[in-house]
Amino acid sequence: MRTDFAVVLTAALLFDTFWRNNGEHASQGPCRPGFLQSFYSVQIPRDVLQGQGILKVKFDDCMGKEAVVFHSTDPVFSVRTDGSIFAKGERASLDETVQFKVTARGPHTNVWETVVQLTLIDLSSSEQNENEVTEEEGNISEQNKKKDVLQAPTPVIMFPGSRINSTRGLRRQKRDWVIPPINVAENSRGPFPQMLVSIRSDQDQDISIRYSITGVGADQPPNEVFSIDPVLGKMFVTKPLDREHRSSYHLRAHAVDMNGNQVENPIDLYIFVIDMNDNRPEFKNQVYNGSVDEGSKPGTYVMHLSALDADDNTTANGMVRYRILSQTPHSPIPNMFTINSETGDIMTVAPGLDREKVSQYTIIVQATDMEGNLNFGLSNTATAIITVTDINDNPPMLTSRTFSGEVPENTVDVAVANLTVIDADQPHSPNWNAVYRIISGDPTGHFTIRTDPISNDGMVTVVKPVDFEMNRAFMLTVVVSNQAHLASGIQSSLQSTAGVTISVKDVNEPPYFPTNPKQIRFEEGVPTGTSLTTFSASDPDRLQMQQIIRYSKLNDPANWLSINRTSGQIVTTGMLDRESIYVKNNIYEATFLATDNGFPEASGTGTLQIYLIDINDNPPALIPRESQICERMNKNVNGINITAADADTDPNAGPFVFELPNFPSSIRRNWTIARISGDYARLALRYQVYLEPGMYEVPIIVSDSGNPPLSNRSVIKVKVCPCDENGDCTTLGAVAAAGLGTGAIISILICIIILLCMVLLFVVWIKRREKERQTKQLLIDPEDDVRDNILKYDEEGGGEEDQDYDLSQLQQPDSLEHIISKPPGVRRVDERPIIPESQYPIRPVVPHPGDIGDFIHEGLRAADNDPTAPPYDSLLVFDYEGSGSTAGSVSSLNSSSTGDQDYDYLNDWGPRFKKLADMYGGGDDD
C-alpha cells in the first residue's frame, strides 16, 4: 500500500510539474495572482495517517505571499501555510472519491479558489466511479496486464456537460466532477500503439459520431505521439515517452456527427508522464579540488561536491545521496573524512592531518539516486583531491649549537660565517623562510645576518669595520625564527638558538693623520724656507713592532711647499700669494702621503689647509682706461666717473685717493678731480677751458688704504669731441677726436673719388673691348647658329634584320705591315695608300670675309688631288647581289661642284650662309 501511495504521489507531483512548466510562459508576462492550477487530482490509499502530506497546491499572490491564509471546505483535510494538504484525523478513511475546494485569502479581501479531487487506489477490480468509467470489452492478453496494471481495465471517458439537439437546442447538464488525468509511464516497451483510454458520447447509440483529439502531441509538434480511433474513440500512445523531454501533455477531445457538426463540448485531457529511474546522477566535474589546513579539528569543512539527476527530484528517482568509497592513502586512518549524504559537503572526521607526513588525499565519492538505495538506484563516481595546506607547526632548528668564523679587520660586506637551519614546513613559504637575529655579543652593530633565499642559510656579514687592536674576537648569540608566527600551541625549539664565535684577523693598517684636514693660518708673502707646521701621522698597529713612517708630497698645485721625509715638517719653497689662482676663498690646499714599512706597505693621506692672511701687496688700478668728454664744459656737466680695483681685501683696498700729478703742469691747468665717495671720483675739464677735439692722455695717481698705502700712476685716455644739445659726440666730432684734421679728411675724400673714377673707367674699357670682339665675328651671332641643332649619334649598326654581317671587314687596320707584305693584285679591304699626305692650305688667323670663297676652293682642290683622303680608290671585290641595279658606279666621287647644282636654298639658312649663297647661288649681292 505504501508503494502504491508513493506512485500516486509521484503522479501528483508530475501533474504539478506540468503546470509549473506550462506556467513558465505566463511568468514571463505580467504577474497574475492566483492558483497555478484550477484543478488538482491525486490517487491515495484508503487509509491515510494523521498529518501525512497528500498534495501541495501552488499559489502566487505576486507579493511574496504576505499574510495569505489557505482554507479547505472538507473538515477531514486541512491546508498548511505552504499549500500542503494533509489529513487532520488520526486515521482518515476514504470509501469514495472526495472533492473539495481550497480557498486563499489575501490581505486585501481577495479570494482565490481551486478544486482538489482525491480518488481511491484500487488495483483489484475495475469499479465504475463517478466519472462513469466502465470496463471496455476487448481482448487484452495476460502479458499486457502484468506489464501495466494501471491499463487494465481500459477506462472509458464520457463527454460531460451540454448536449446539442437539433430540435430542442442546447441543453446543459450540471455535473460536480472533473475528468481525472491520464498517467503514462515513460520508457514503455509497448507494444505500440498502446491503448490509453476510450472516449465516448452517450449519443453514439442514436447517431454516428466521429472522435478526434487536438493539441501538442496530436496535431501539433511533436505530432502523432497520440492517436484516436475516430469510430470507436480509443486513444493510443504511439511511441515511448520521455519525461525528461516532456513531462505532460494537454489534449482536447472532440465529438462530431457525420456532417462535422459538434455534438458534444470538447473535453480537456491531461496526460502525465510518470517518471522512471532511467538517469544516473551526473557530477558537474569529474575531479574536484579542495584544501584543508593540517592539524584541523574534526568537523572542519573541506569542500563541496554536487551531482544532478535528470529524473524527478521530488521522487526517489531523483533524490541523490553521497558516500565515500575509498581514501588514498590510509594514513593515519582510512576514514579521515566524511561526506554529508544529502548536501555533498566533505568534512574532517578525525584529527591527525599532518602535511609533513601526507600532503594530499584522493577520495572517490559515489552519488546514488533512489535515496541511496544501492539495490535499485543508479550510481556515478567522482574524484576529490584534498590538499593538506601547511601551517607553521615546525619551528626552525639550527644544525649546530655553535658556529665560528674569521674576519680581517677593516673589511665590510663580507660573509664571515654560514648558519645552517632545518625546517620541515613547506619550502619557500613564510612558514619556512628563516629570520636570524643577533640578541647579544655585538653592542656596536658590527655584524648582521642575511638569509639566503634559496638555501635558507644565515650568512653572518660584516657591516661595520672591526679593529684588531680593539676587539680580537666576538661572541655572538643568534636566534632564528620564521616569517610567519608559530601555530597556536607550538613552542620554539631549544635548537633555535646558537652561539657564533667571530675571530678578528690582524692586518697591516695604513698610517692615519689624527687631524685631517689640518688647518693653519699664515700671512701671504712669507719668505721661502719658512717652517709652517709639522704634519705627522700615527700608525694604528700599536701591538706590533713599531713601524717607520715616511712622508711625501702627493699634491701641491702651486709647488709652494715641501715636507721632511722622516719628521713631517712642512717648509715653504715659494712665495705664498693669496691672489694666486690656486687659492680658493683664501685657503690653499696641499695633500701629503704617509707610508709605513709593513708588509705589504700601507699608506694614508692627509690634507693641509693654509688660510692666507692678506697684506697690502697690490696697488689699485684705475677704471675705466678710456672715455670721452665734450669740448665745452657747459655741455658736459657730469664729467667722467672713475674708480679703482684692488686685488687685496679690506682694509688694504678702498677707500681710494685720486690725484692729478704736478707734472706736466697742463694736466692740473686743464683738468680737475672731485671726490664722489670712498671708491669713486669725477674727472672733468676746468670751467671755461676749451680743448681742440682729439685724444688726450690724462695721468691719475690712485692710492689705497693700506698701511702703508700703495699708489699707482695710471693713464686714462679721454676723447674730447664736439657735442650736440644732448651732450653726445657728433659724427664729425668723433672723427676729429680720433686725431684727423680738416685737411686730412678732405684728402681722404679726394682719394675715394679718384678710386671710384678709376673703377668706372676700367668697367667702360672692358665693355668696349667686348663689343669689338663681337663685331669681328665672321658669321652670325651664336643664337642664330643652326649648328646648335646638329647632333652626333654613335650609330653602330642597323636594325634587327641587319645584323648578319662581318664588321671586321669595315675596321681600320691597326698596322700596315700586312698590307705592305701583300703581293700586288686585288685587295680585300679598303686600304689607305702608302704615299706622302698632301699639304692643305693654312687658314689665316683672322681671314678677310672676301677670302672665304678662295679658301674653300683651295681646300676642295687639295682634297680632290689627295689619294690618302678617304674614300680610297682601290679595287674591291663584292659578293654578287644580282643584276639590274639602277644605281651608277660609286667607285669614285668628285668633290668639286658643278654649275648644274642650285644653291639658292642657302639664302634660307640664315646670315651665316649668306656669303656662300652669294658665291654659288643666283641671287644678287647686297
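### A closer look at the overall build of the protein chain
Of the regular secondary structure elements, the protein chain holds eight helices and 54 strands. Residues counted as buried form 34% of the 926 residues belonging to the protein chain. Here the contacts in the protein chain between residues at least 6 apart in sequence split such that 65% fall between residues at least 24 apart.

### With respect to the packing of aromatic side chains
Remark: the centre distance and the inter-plane angle together describe each pair of aromatic rings, the angle taken between the planes. One pass over the structure, following the stated rule, counts 16 aromatic pairs. For the pair W560 and Y588, a centre-to-centre distance of 4.7 Å together with 35 degrees between the ring planes defines the contact as tilted. One end of the pair, W560, is in the loop between strand 42 (550–555) and strand 43 (561–563); the other, Y588, is in strand 45 (residues 587–595), with 28 residues separating them in the sequence. Taking relative accessible area as the criterion, Y588 reaches 1% and is therefore assigned buried. Taken together through their ring pairs, the aromatic side chains of F35, F59, F70 and W112 make up a single cluster. R80 extends its terminal NZ or CZ atom over the ring of F86, reaching a point 4.1 Å from the ring centre.

### Side note on the state of the cysteines
All chains considered together, the criterion is met by one disulfide. There is a disulfide in this structure between C630 and C723, and the S-S distance comes to 1.8 Å. Looking down the S-S bond of the C630 and C723 bridge, the torsion is -105 degrees, so its handedness is left-handed. A residue pair is termed long-range when its members are at least 10 positions apart, and C630 in strand 48 (residues 626–630) and C723 in the loop between strand 54 (711–721) and helix 4 (731–737) qualify at 93 residues. For the pair shown, C630 and C723 are each scored as buried.

### Points about the pattern of salt bridges
Applying the stated rule across the entire model yields 12 salt bridges. Taking the shortest distance from any N to any O, the salt bridge between R321 and E371 comes out at 3.9 Å. In this pair, R321 is assigned in strand 26 (residues 321–328) and E371 in the loop between strand 29 (360–368) and strand 30 (379–389), connecting sequence segments 50 residues apart. Among the residues examined, E371 registers a relative accessible area of 44% and is labelled partly exposed. For the salt bridge of D614 with R578, the shortest nitrogen-to-oxygen distance reads 3.3 Å. Residue D614 is located in the loop between strand 46 (603–613) and strand 47 (621–623), and its partner R578 is located in the loop between strand 44 (569–572) and strand 45; the two are separated by 36 residues in the primary sequence.

### Observations concerning a nonpolar patch on the surface
A cluster of nonpolar side chains, contributed by L755, V759, F762, V763, W765 and I766, occupies part of the molecular surface with about 600 Å² of accessible area. Relative to the elements of secondary structure, V759 occurs in helix 5 (residues 742–775).

### Digging into the sheet that holds strand 11 (residues 111–120)
Taken in spatial order, the four strands of this open sheet run 2-11-10-6, and their pairing is mixed. One side of each edge strand has no neighbouring strand; the edge strands of this open sheet are strand 2 (39–44) and strand 6 (69–72). Pairs of neighbouring strands in the sheet enclose a mean axial angle of 25 degrees, with direction left out of account. Where strand 6 meets strand 10 (residues 98–105), four bridges bridge the pair, whose relative direction is antiparallel. Residue pairing for strand 10: S72 is matched across the bridge by V102.

About the criteria used
Residues numbered from 1 in each chain as written. Predicted model: local features only at pLDDT ≥ 70, side-chain atom pairs only at ≥ 80, totals over all residues. Heavy atoms only, no water. Helix = DSSP H or I, 4+ residues; strand = E, 2+ residues; numbered from the N terminus. Buried < 20%, exposed > 50% of the residue type's maximum accessible area, 1.4 Å probe, protein only. Contact = heavy atoms within 4.5 Å. Phe/Tyr/Trp six-rings, centres within 6.5 Å; stacked < 30°, edge-to-face > 60°. Lys NZ or Arg CZ within 6 Å of the ring centre and 35° of its normal. Disulfide = S-S within 2.5 Å. Salt bridge = Lys/Arg side-chain N within 4 Å of Asp/Glu carboxyl O. Patch = residues over 30% accessible without salt bridge, like charges linked within 9 Å, V, L, I, M, F, W, Y side chains within 5 Å. Areas by Shrake-Rupley, 256 points an atom, 1.4 Å probe, with all protein chains shown as cover. Pairing = 2+ DSSP bridges. Axes fitted to C-alpha atoms, helices over the stretch in contact; angles between N-to-C directions.

Everything listed here is a matter of geometry and, on its own, says nothing about what the molecule does.
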